[in-house]
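# An overview of the molecular structure
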Amino acid sequence: MVDIPQTIGVYALLLTLSQRVHVITGRLGRATFAAGKYIYVGSAFGSGGLRSRLERHLRGDGRPHWHVDALRSKADIVGFYFLATNDRVVGDVPWECLWSQALMALPEVSVPLSGFGSSDCRSGCSAHLVCIPARYRWAVIYEVLSYVVDWGTMKN
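In what follows, the accompanying structure is described. Keep in mind that what you see is a predicted model, and the values were worked out from it rather than measured.

Calculation criteria
- Residues numbered from 1 in each chain as written.
- Predicted model: local features only at pLDDT ≥ 70, side-chain atom pairs only at ≥ 80, totals over all residues.
- Heavy atoms only, no water.
- Pairing = 2+ DSSP bridges.
- Helix = DSSP H or I, 4+ residues; strand = E, 2+ residues; numbered from the N terminus.
- Axes fitted to C-alpha atoms, helices over the stretch in contact; angles between N-to-C directions.
- Contact = heavy atoms within 4.5 Å.
- Buried < 20%, exposed > 50% of the residue type's maximum accessible area, 1.4 Å probe, protein only.

Turning to the sheet that holds strand β1 (residues 9-17), a few remarks are in order. Spatial strand order, β5-β1-β4-β8: four strands in an open sheet with antiparallel pairing. One side of each edge strand has no neighbouring strand; the edge strands of this open sheet are β5 (76-84) and β8 (129-132). Across the sheet, the mean angle separating the axes of adjacent strands is 20 degrees when strand polarity is ignored. Two elements, β1 and strand β4 (residues 36-44), share nine bridges in a ladder whose sense is antiparallel. When the sheet's bridge partners are listed, Leu17 is paired in β4 with Gly36.

Below, the structure is given as C-alpha cells:
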C-alpha cells in the first residue's frame, strides 16, 4: 500500500466502469456514463489532506458530498496519483485545473458530463472528469501529469 501523506495537494483517481451506468450527480442531475476508463482530478486542501480524501474515496463510504461520490459508487478505482504541495496554484491556475486541462488536451479524450467536479472552477475547465480511450495505458496518464508537475515546478 502507498503511504499517502496528510499534507494538502491534488490527486487523480483512475476509475473504470465495466458497464454503462446511470448516476444522479446532485445539481447536474441524472447522467449516463458509458463503460470505460475515467480520470477524476480533485484537490485536498482541507483538514486531513490527501490521506483523508483519498482514503475516503478508496473506502467508498460516507454521505455523498462531491460529484465523484455518485460515480464512485458505481465505478472501480484502479489507482490514483497525487502531488503533495503547499502551492494551490501555478501562476493563477489551480493544480487540479492544470491536470484536467492537460488530460483534456490528449487525443480522443472526452468530457462525459460538463461541469462534473468543476462547479467552483474559475479557470475555464469544462469538467474535472475525463473519459479516456481504452487503448491508453495508465502509464501515459502518469507521464502527462508528471510533465505538468515538472512544468509547474519550473514556473514557480
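Here the narrative resumes, following the displayed structure.
The next point concerns the environment of Leu13. Relative to the helices and strands, Leu13 resides in strand β1. In this structure Leu13 touches Tyr38, Ile39, Tyr40, Leu54, His57, Val68, Ile77, Gly79 and Phe80, once residues within four positions along its chain are discounted.

In this structure, Val41 sits in strand β4. Given a relative accessible area of 1%, Val41 falls into the buried group. C-alpha separation for the pair Val41 and Leu58, spaced 17 residues apart in sequence, amounts to 14 Å. Each residue touching Val41, except ones within four places of it in the same chain, is listed here: Val10, Tyr11, Ala12, Glu96, Trp99, Ser100, Leu103 and His128.

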